[in-house]
Amino acid sequence: MATTPVLPKLVGQRIKRREDPRLIQGKATYVDDIKIAGMQHLAFKRSDVAHGRITKIDVGVAQAMEGVEAVYTGAQIAAFVPPMPIGTPFPSPPHHAVATDTVRYAGEAVAVVVARDRYVARDAADAIVVSYERLPAVVDLEQAMTGKPTVIHQDFPNNLAVPLVPGGTGVGADSSVDDTAITKAFAGAEVVISQRMMNQRLAPSAIEPRGVVAHFEPGKGAMTIWSSTQNPHILRTMIAAMNGLGQDQVRAIAPEVGGGFGAKINIYGEEYVAAALSKQLGIPIKWIEDRSEAFVATTHGRDILAYVDLAAKRDGTVLGLKLRLIADVGAYNMLLTAAIPTLTMLMANACYRIPAIRVTVTEVFTNKTPTDAYRGAGRPEATYFIERAMDMLARELKMDPADVRRKNFIQPDQFPFATPMGAVYDSGDYEKAMDLALKNAKWTELKAERDAAKAKGRLVGLGLATYVEVCGLGPSSSLPTGGWEHSGVTIERDGRISATTGASPHGQGNETTFGQMLADQFGVPLEHVTILHGDTGVVKQGIGTFGSRSQAVGGTALHLAGGKVKAKMAKFAAALLEASEDDIVFENGRVFVKGAPASGKSFAEVAAYAYVPVPLPPGLEPGLSDEAFFEPANNTYPFGCHISMIEIDRETGEPTLLKLVAVDDAGNLINPLIVEGQIHGGLAQGIGQAMIEEVVYNSDGQMITGSFMDYAIPRATDFPRFELDSTVTPTPVNPLGAKGVGEAGTLGSTPCIVAAAVDALSEFGVTHIDMMLRPEKLWRIIQGGRS
Amino acid sequence: MAQVSITVNGKVRKADVEPRLLLAHFLREELLLTGTHIGCDTSQCGACTVLVDGRSAKSCTIFAVQADGSTITTIEGLARDGQLHALQQGFWEEHGLQCGYCTPGMIMSAVNLLNDNPAPTEQQIREGISGNFCRCTGYQHIVNAVQNAAGKR
Ligand code: FES
Ligand code: FES
């Protein structure tokens, strides 16, 4: 007798992505692929000075060009585009989408052209002549804090965007400060590590630049806006508010999005201008960012200076930590700019039991592109500073870097663990992850290998770093947008499933992972499930994809919505099968009474009945569709350990990454293949920061790394094969036990590589090297050591 | 305006173009073959890679008029008779893509690589795709994808 094949359980399996067929055939639709009849193109004239007063804008030639629809100066735009809102509670200077009288960074928009095609629009923008009265450029962070060489925003003396926020042990909710504990910790110290460390400025560099198509339909009084964004619902909220429209009158769509990395969370001036001009002119408007523009006009990441002091006993026990953080936020506050350094503060406790911690955060304006979230957003910075200090402590005490950590780890039985920074770590076993990494790296043999190489005169070094990060962002008290996620699940009349998620992906593979979850929940084939996202006209509510929250928050919302529908479907099935709903089983495409699969109905039959319910079971409405909001009570705290080996060429100073071993614990995993991809990508960006990436400005405030020729995006040849593994410590914060994994790779890799470089160069007496590991910098250390 | 005649994915396409029109824009805007992407303006990223007379080329670095008379294959022309190309299959099986933006260019570069060297080592694969940036994957699964495709030939 033929048996029906049983559907496999999909959650936890390495399932090929359902997104891929369109992407590998060039059939996906990114924003630049959208064309609408009558659409015109937008181009921005950008400032070529870092700081200056606009004295004259001559648009005559541009305006007269064949194919030019309209030209606007910043002042003209300001008449219908109000200053841009931000999403943090700090006071903030006015920020116009297009500068009205003063430019504050090179690349700031000063005028706008609408034209027939993008070539004409660019020609016309180039033909606009702007005269400036130049002002001194504020470039150096610490000099900026003294108000020198000038003050950028008049109401922000000494360029202080956020003057000083204290946190940690002895700091009250009212910011009152009691130094007793921290003073005692340092007074009792047998060793104190003190180091100034710079976590340099980075360009997020999604390979798809930003872009927007805005289509206001005057007849309907409604706006549709497509944008390469991580969060269409936030875009809708902001576009509506800025254009005097209701949120019901704006439909925001994130089509296929070519990477975000935090830089596509922000809602940008270009989006506001495109929307407002579409409304003004009554035509569809498209703007696509050039890469050269992206370097100056898309937010940067990191750029935070730390003065770190770590107090310890000679046996490696940490007694106290002082962290003075000064962030260079660039010229303006964007949506989340001011909040990013506070995440560094929040995570200052790292993986350790530290009796006393004092952190202060100061944020400073400079004449540079504004910063905002970049993969990891505040947490890699914290990890970097503390792990560097721990590494220096190990070196000072001649201890193995793993042993110093072991001595101070928060223990598994101490969770939930409330840190002095206000975080409550959900669950963890830091030692287990580190031990697995040590085992996989063959740490003892690796050390012998390093020593043998060093004995031969090679500059080989090992580095280790552990991390804990804060993910699954919510609850609403921690996010101005709301800290929940939304999902809707509908069983269609034919038994197929449509589901929506507010977690709008841009490479994370939610169509696959969320499909796996629903297929298992309902016992149906994956092919029968469609996950819809990215369109506020289809997805009722949502927050978006950032802070490694899709799975932990969005996935849970999906799970809850599915559960509601399933409960109702069980009631219909119970009526149909004349059984109790508690005994109904969903399996293998069938719905049946426990123990009697043969007498059940197909999933589609039950669905059909729910839509034509004759008779309608008492107390039930027809149909199978429901939704859920999920707001977690707490964040999740994934963790892990990364180990690296690098070699530095004694003659040229060029570093080569020889080995990278990563153990990451993201709780329960839905699709390990996709998780590995996420970690690989994070590692690549973390390694990129350690080794080759840096945005550099000259003293005039000109970015001198404004193209891929000068800003080094890692290539395939920059990496060895990464060696991944995981431990699984589920979180109690959500029913899936999933913690989130999107940013993990950027956390441990960066400090472990710098540690390896320091180790490689230890014979020269070096204890810390600021990133990036430019060969010239390393060569000088080698030369200095020789002389 | 200049007249060009270019064979794209097996079809002869004639058009009047501005001499300064980039091949990438010709493919995307005139022929609506939007699978070829643009990721930079300095010929670094490789998102725009296509095959010109069988060799991989960055289509943002060539004017449409320079491609006059040539034969071009874009990502849309890679699958034959509804059968995915071995590299498309490999990228799918090995999770060689995330956001997918670099993918068409990456695949076209890899086609060229495997044409030149049907059994590349890992290092040769990494070098072969080093003119293509991917910001999402860290390249490891892309290397696996190319190995997967090479193994099937
Ligand atoms: S678009 Fe970047 S190389 Fe062609
Ligand atoms: S998959 Fe996103 S850039 Fe390669």
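Attention now moves to the domain arrangement of chain B. All names here are of chain B. Each domain of chain B was delimited in the assignment, giving domain 1 (2-77) and domain 2 (86-152). For domain 1 and domain 2, the distance between their C-alpha centroids amounts to 21 Å. Along the contact surface separating domain 1 from domain 2 lie one salt bridge. Asp-116 is paired through a salt bridge with Arg-55; the nearest N and O atoms lie 2.8 Å apart. The interface formed by domain 1 and domain 2 holds eight residue pairs in polar contact (both at pLDDT 80 or more) in total.

Below, the discussion takes up the sheet that holds strand E8 (residues 191-202) of chain A. Residue and element names in this part refer to chain A. Read across the sheet, five strands follow the order E7-E15-E14-E13-E8 without closing on themselves; strand pairing throughout is mixed. Each having just a single partner strand, strand E7 (160-168) and E8 make up the two edges of the open sheet. Shown here is a sheet whose adjacent strand axes are inclined to one another by a mean of 10°, direction ignored. Bridge count between strand E14 (residues 318-330) and strand E15 (residues 356-365): 10 bridges; the pairing is parallel. Looking at the pairing, Arg-324 lines up with Thr-360 of E15. Helix H6 (residues 180-187) rests against E8, strand E13 (301-312), E14 and E15 of the sheet, and its axis sits at about 115° to E14.

Turning to the sheet that holds strand E9 (residues 211-217) of chain A, a few remarks are in order. Residues and elements named next belong to chain A. One open sheet accounts for seven strands, arranged E3-E5-E1-E12-E9-E10-E11; its pairing is mixed. Here the strands that pair on one side only, and so sit at the sheet edges, are strand E3 (68-73) and strand E11 (250-253). Averaged over all neighbouring strand pairs, the angle between strand axes comes to 20°, with direction disregarded. Sheet analysis places strand E1 (residues 40-46) next to strand E5 (residues 109-115), joined by six bridges and oriented antiparallel. Within the sheet, the bridge partner assigned to Lys-45 lies in E5 and is Ala-111. In the packing of helix H7 (residues 232-242) onto the sheet, the strands contacted are strand E10 (222-227) and E11, and the crossing angle to E11 comes to about 145°. Sheet strands in contact with helix H8 (residues 269-281) are E1, E3, E5, E9, E10 and strand E12 (285-288), and its direction is about 25° off that of E9.

We now examine the layout of surface pockets. As a volume, the second largest pocket reaches approximately 590 Å³. In this structure, the second largest pocket is lined by 29 residues; those nearest its centre are Arg118(A), Tyr119(A), Asp290(A), His25(B) and Asp41(B). The set of elements that each furnish at least two residues to the lining of the second largest pocket consists of E1, helix H4 (118-127), E12 and helix H9 (291-297) of chain A. Ranked by residue count, the leading element in the lining of the second largest pocket is H4(A), at six residues. Residue composition of the lining of the second largest pocket, by class: 12 nonpolar, five polar and 12 charged.

Attention shifts here to the interface of chain A and chain B. Opposite the 56 residues of chain A that make contact, chain B presents 56 residues. Carbon and sulfur atoms make up 54% of the surface buried where chain A meets chain B, a total of about 4700 Å² over both sides. The largest share of the area that chain A buries against chain B comes from Ile24(A), Tyr119(A) and Arg721(A), three residues that together contribute 17% of it. For the pair chain A and chain B, the number of links is seven salt bridges. Taking the shortest distance from any N to any O, the salt bridge between Lys35(A) and Glu29(B) comes out at 2.7 Å. For the side of chain A that touches chain B, the secondary-structure elements that each account for two or more residues are helix H1 (20-24), H4, H9 and helix H18 (672-691) of chain A. Here the element with the most residues in the side of chain A that touches chain B is H18(A); it accounts for nine residues.

Interface extent is often summarised as the accessible area lost during association of the parts. All names here are of chain A. We note that the domain assignment places domain 1 (20-26 + 475-630), domain 2 (34-135 + 208-258 + 264-297) and domain 3 (377-471 + 635-786) within chain A. Each of domain 1 and domain 3 has a C-alpha centre, and these two points are 39 Å apart. Contacts between the two partners involve 15 residues from domain 1, matched on the other side by 17 residues from domain 3. The three residues of domain 1 that bury the most area against domain 3 are Ser-548, Gln-551 and Ala-552, which together make up 36% of that side's buried surface. Taken together, the connections running from domain 1 to domain 3 amount to zero salt bridges. The interface formed by domain 1 and domain 3 includes two residue pairs in polar contact (both at pLDDT 80 or more).

Further remarks concern the pairing of strand E18 (residues 459-468) of chain A. All names here are of chain A. Counting buried positions along E18 gives 10 out of 10 residues, so the element sits mostly inside the fold. Side chains Leu-459, Gly-461, Gly-463, Ala-465 and Tyr-467 of E18 all project onto a buried face; the interleaved residues Val-460, Leu-462, Leu-464, Thr-466 and Val-468 project onto the opposite face, where all are buried too. Relative to strand E26 (residues 639-648), E18 is paired through 10 bridges, and the arrangement is antiparallel. Within E26, the residue paired with Val-460 across the bridge is Glu-647.

Rules used throughout
Residues numbered from 1 in each chain as written. Chains lettered and ligands numbered in written order. Predicted model: local features only at pLDDT ≥ 70, side-chain atom pairs only at ≥ 80, totals over all residues. Heavy atoms only, no water. Domains from an automatic or database assignment. Salt bridge = Lys/Arg side-chain N within 4 Å of Asp/Glu carboxyl O. Polar contact = N/O pair within 3.5 Å; in protein donor to acceptor, adjacent residues only side chain to side chain. Pairing = 2+ DSSP bridges. Helix = DSSP H or I, 4+ residues; strand = E, 2+ residues; numbered from the N terminus. Axes fitted to C-alpha atoms, helices over the stretch in contact; angles between N-to-C directions. Contact = heavy atoms within 4.5 Å. 1 Å grid on protein atoms, 1.4 Å probe; cavity = no way out; pocket = protein on both sides within 12 Å on 5 of 7 lines; lining within 4 Å. Points joined across faces, edges and corners; volume = space filled by probe spheres on them. Nonpolar A, V, L, I, M, F, W, Y, C, P; charged D, E, K, R; others polar. Buried area = accessible area lost by both parts, 1.4 Å probe. Buried < 20%, exposed > 50% of the residue type's maximum accessible area, 1.4 Å probe, protein only.

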